[in-house]
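What follows is each chain in one-letter form.
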Amino acid sequence: MTENDTASAESVPDIDVRLTPRPSDGSGATERRSLNGTWEFAPGTDEPPSDDDEWRRHEVPGQWNYAGYEVPDDGRGWYRRTIQVPSDRASGPVKIRFNGVYSDAIVRVNGERVRLHQGGYTPFEVDVTDALEIGDDNVLEVGVAEKSKAESLSQTGFGAGITRGVTLLSVPPCHLADLDIETTVEDDDEGTIAVEAMIRNAGPDRIDNARMRATLTDPDGTAVETLESSIDGLGDEDEQSVSFEFTVDGAATWNPEQPRLYELSCEVEANGESERVEASVGIREFEIDGDQLLLNGRPITLRGVNWRECHPDHGLAIPAERTRRDAELLREANVNYVRTGHHPTTEAFVEACDELGIVVEMEAPIAFLRFENSHLATDPSYREPLCRQILEIVERDKNRTSVGIWSLANESEWGPNFEAAAELVSAADPTRPTTFNWGMHKDEDAPYVDIANHHYPALRDSKVDLEEFEESDRPVMFGEFCHTYCYNVRELGTDPGLRDDYVRVLERGWERVNELDAFAGAAIWAGLDHLTPEYRWGLIDAHRRRRPEYWHVKNVYAPIKIESVRRTGDLVQVDLDNRSQFVSLSDRRLEWRAGDESGTFEADVPPGETGTVTIDPPADGSSITVKVLHPAGFTIDEHVFEDDDHTSRPNAPMDDPTVTESETKFMLETPDCSVTVDRNIGEVEIAGPDGEPIVSGLLGFGATSVESNIRVPPIYGDTIGTRLSPWRCEAVRTTDDETGVEIQGGYYYDTIDIATGSFHLRFAGDHLELAYEFTFNESRDVRQAGLVIPVVRDCDTLSWVRDSYWSAYPSDHIGRSTGSTVAFPGGERAANDNSKLDGSWLWCDEATENGSNDFRSTKRHIREATLSGSDGRAIDIYADGDQHVRCSVEGDTIDLNVLDRSLAGVGLGLLDRHALLDEEPTIEAGTRFEGRVKLGIQNE
């Protein structure tokens, strides 16, 4: 940073941002009326259309592109409606609060321009008192342009409109003009609530007899205390500050594990009129102590996700009940922290976080001021709109309990505009720490904020990684962390099981960041899909279906872990790890179930400690399920203990095998199974005793390439082929010991010799053994490799038993330890190529032409896998947990891939999952690859 880049005191803009505290609905001489609902809409210029026939219906909040309307890039979309303010409600100022208009707004009342505003995600207020005709119909018009300086700063919009709610406020002449609530905690049992109110007289008459009363009620509804103060000598347009302080002994403090809220009621009375403002208040205190982030005096670790509100039916204009449920979904995933990347969420979401116990890092709508846009961080003409938007969101959420951190921007270059913003935010709210979400942390800029930040630790191919923060003098947060799979769309289209395999990346990454002493929190990218352009990176997809990653986050983030359940004689011991930071296990419900019997048990394990509890369920060999439940009713953690180790073996011996040949084929036969191999091209047919084929076609050596040429934004629909091709059969002969058949050949493309080797088929006692060995003759990046078996199309039900990552899964999770799924749950082969999501299906059942997500997913570490048909035919694969299977419908057959190699997927260059997991995708030329598959045949 040069000297000229530094923001001097004179260059810090003088910005006054104030939002009138909203009065309680119907209290005293006040009105709080929603103006949401049906408005009229018409495209126009800087003036609205004069012809009434041009206006159409449009719901507010809403975006005109979602309503089917178009507005030229250089035009405005105009909204209008009539409003009426009765004379008995109009003794004082009348204001209209806009919670969000994307992104440039002209507000008019009765044809008079009353306010201009830029900022798509931040609230603003318009005093319309002088423009109204009290008691008559008034025309409210809002002209909206999508492009503006605010839009250039945010770069996160996907359509314009009045995207958030609109409220009309009528207050008395003597009213609350401002309200600041600050809480502190001493020794976690004494709390203070400091209230500073600004009382304003907006009437023409002097007020000498005003009073303010503040009443505090505890979370149980019991009144704590009422404080009063008189206000004397308020002249016209005068303001006076009133302060109260509540001291609460034995305070029920707020934290993510105990989100307890007090209720504060502030009432102002003057000249026979009154106003009441109510607020929920959590007694809590965020502070920095050296390299530690403290909540209520205790170091805290924040387990987070990034959350960017959008919905396929509503765009940015999400209904409050939907966003409330979104917050509940996150809490049920054991998330206790949300970064609102890269713009502020709605107030409804923050209110839900207050109540549910989710710490919010509120990020300003400033993003990607880097590369060709880096000048916006230094250009003085952008300083005021940048700082104003940040201050508007500070003003909106300054009294919100859950908001604990202000983030000034996302992945931008530091500059004097941000220096000015940091100074203004610290002055406006010294009670919360600030951070700046660098893509790559820059220590020289860090002094301007309280918390260091860096994106994608442990994944970057860069020196700027975890080691840089080992000696940090401030807390460290990773604002973007363990990016879910997204950009490798062809890998995901081929194998949705990568979303299940993400757990290896997540758990290793979480372990790495937790090694840092200064580590305060991390936020997975991302909690929710993005719509325009489409990025399918959410733990929850756009239709609010929980993807497989959701369950893994729930397990890795669990604040209480059931580490093991084991039998000791007739008793069962449960090992518990209480990773909570505030509550003992005695504050949580613990349950067990064995067969038809169930019960509860207790464990008094303090936060941060481990313990073992003995329970006495029935000793009948049943599986035992143990759960830890949250007071809200959802499961924090679950563990299933099985006496059965799921060891499977073939159930039909293949005795007395014979090997015969003719001019066209070789035959291996037992009374229960026959194998025919074409001696010219090597095609294989495997059948049961009735002679009906179960396997038919060419065996294949599968070597699924790592995805290359990743495109941003992604283009969905393509897959990656598994079989090497084209195949050239060199010879078919009996094995040297004359107990089987060997197929020799290779894969050649033009003059390129890709790989050469052979397949071996023989009966081995209780199973049919299919072996392969191939040598790569060129270097190749390979994610999966193994044997490809062509199974007849009718065998389209996949069942499996596997060594799963967790002991318990939801019944529709693709990673469950045992399960069964069909290729096409809808009955008919799907025509979808994965380019579009269909929210009408369960995620596991959504299908492409190659099968459902569940059917196509790699099942890792199998013990047994079966493809079966309705006629009783089936093929079984037996393993010891060291092989994996993946199925794909290909034309008239189903390719059953039995894999001896299955690596993680790829990402952008800065998301190196292979390095994190110590995996090497490159197979060098000359490398020999081999494997053996145990196969059984059923024909009932």
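Residues numbered from 1 in each chain as written. Predicted model: local features only at pLDDT ≥ 70, side-chain atom pairs only at ≥ 80, totals over all residues. Heavy atoms only, no water.

- Going by what an unreviewed UniProt entry lists, the protein is known as beta-galactosidase and is assigned to Natronoglomus mannanivorans.
- If you open the UniProt record of the protein and go to Sequence similarities (unreviewed entry), you find "Belongs to the glycosyl hydrolase 2 family."
- We quote the UniProt Catalytic activity (unreviewed entry) comment for the protein here in full: "Hydrolysis of terminal non-reducing beta-D-galactose residues in beta-D-galactosides." (UniProt positions renumbered as here; feature names shortened; annotations may be inferred.)

1. Brief notes about the packing of aromatic side chains
Reasoning step 1: Considering all chains together, one arrives at 30 aromatic pairs under this definition.
Reasoning step 2: Each ring, one from F469 and one from F478, has its centre 5.8 Å from the other, and the planes form 80 degrees; the classification is edge-to-face. We note that F469, like F478, is buried.
Reasoning step 3: On the numbers, 6.4 Å between centres and 75 degrees between planes, the contact of Y487 with W537 is edge-to-face. Of this pair, Y487 sits in the loop between β29 (476-481) and α6 (489-494) while W537 is found in the loop between β30 (519-524) and α8 (548-556), placing the two residues 50 residues apart along the sequence.
Reasoning step 4: Judged by relative accessible area, Y487 falls into the buried class, the value being 9%.
Reasoning step 5: Members of the aromatic cluster, connected to one another through ring pairs, are F701, W727, Y747, F759, Y772, F774, F776 and F929. (Phe/Tyr/Trp six-rings, centres within 6.5 Å; stacked < 30°, edge-to-face > 60°. Buried < 20%, exposed > 50% of the residue type's maximum accessible area, 1.4 Å probe, protein only. Helix = DSSP H or I, 4+ residues; strand = E, 2+ residues; numbered from the N terminus.)

2. Let's talk about helix α5 (residues 416-428)
Reasoning step 1: For α5, with 13 residues, the first-to-last C-alpha span of 18 Å sits near the 18 Å given by 1.5 Å per residue.
Reasoning step 2: Among all positions of α5, only P416, N417, F418, E419, A420, A421, A422, L424 and V425 are buried.
Reasoning step 3: Considering only its buried residues, α5 is in contact with α4 (383-397), β26 (403-410) and β27 (434-437). (Expected span 1.5 Å × (residues − 1). Contact = heavy atoms within 4.5 Å.)

3. Points about a negative patch on the surface
Reasoning step 1: Where like charges cluster on the molecular surface, the negative patch consists of E186, D187, D189, E190, D249, E287 and D289.
Reasoning step 2: The exposure class assigned to E287 is partly exposed, which follows from its relative accessible area of 30%. (Patch = residues over 30% accessible without salt bridge, like charges linked within 9 Å, V, L, I, M, F, W, Y side chains within 5 Å. Areas by Shrake-Rupley, 256 points an atom, 1.4 Å probe, with all protein chains shown as cover. Salt bridge = Lys/Arg side-chain N within 4 Å of Asp/Glu carboxyl O. Lys, Arg positive; Asp, Glu negative; His and termini not counted. Charge placed at Lys NZ, Arg CZ, Asp CG, Glu CD.)

4. Topic: the nonpolar core
Reasoning step 1: By size, the foremost hydrophobic cluster in this structure holds 125 residues, and its most contacted members are F478 and F481.
Reasoning step 2: Counting residues per element, this core draws most heavily on helix α7 (residues 498-514), at 7 residues.
Reasoning step 3: Apart from the residues within four sequence positions on either side, F481 is in contact with Y456, P457, L506, G509, W510, V513, A522, A523, I524, W525 and Y557. (Core = buried A, V, L, I, M, F, W, Y, C linked by side-chain atoms within 4.5 Å.)

5. Section: the environment of R780
Reasoning step 1: Mapped onto the elements, R780 comes out in strand β48 (residues 780-792).
Reasoning step 2: What makes R780 buried here is its relative accessible area of 19%.
Reasoning step 3: Between the C-alpha atom of R780 and that of V677, which follows or precedes it by 103 residues, the distance is 30 Å.
Reasoning step 4: Leave out the neighbours within four places in its chain, and R780 touches S705, L724, I754, P921, T922 and I923.
Reasoning step 5: Among the polar contacts made by the side chain of R780, one reaches the side chain of E778 at a distance of 2.9 Å. (Polar contact = N/O pair within 3.5 Å; in protein donor to acceptor, adjacent residues only side chain to side chain.)

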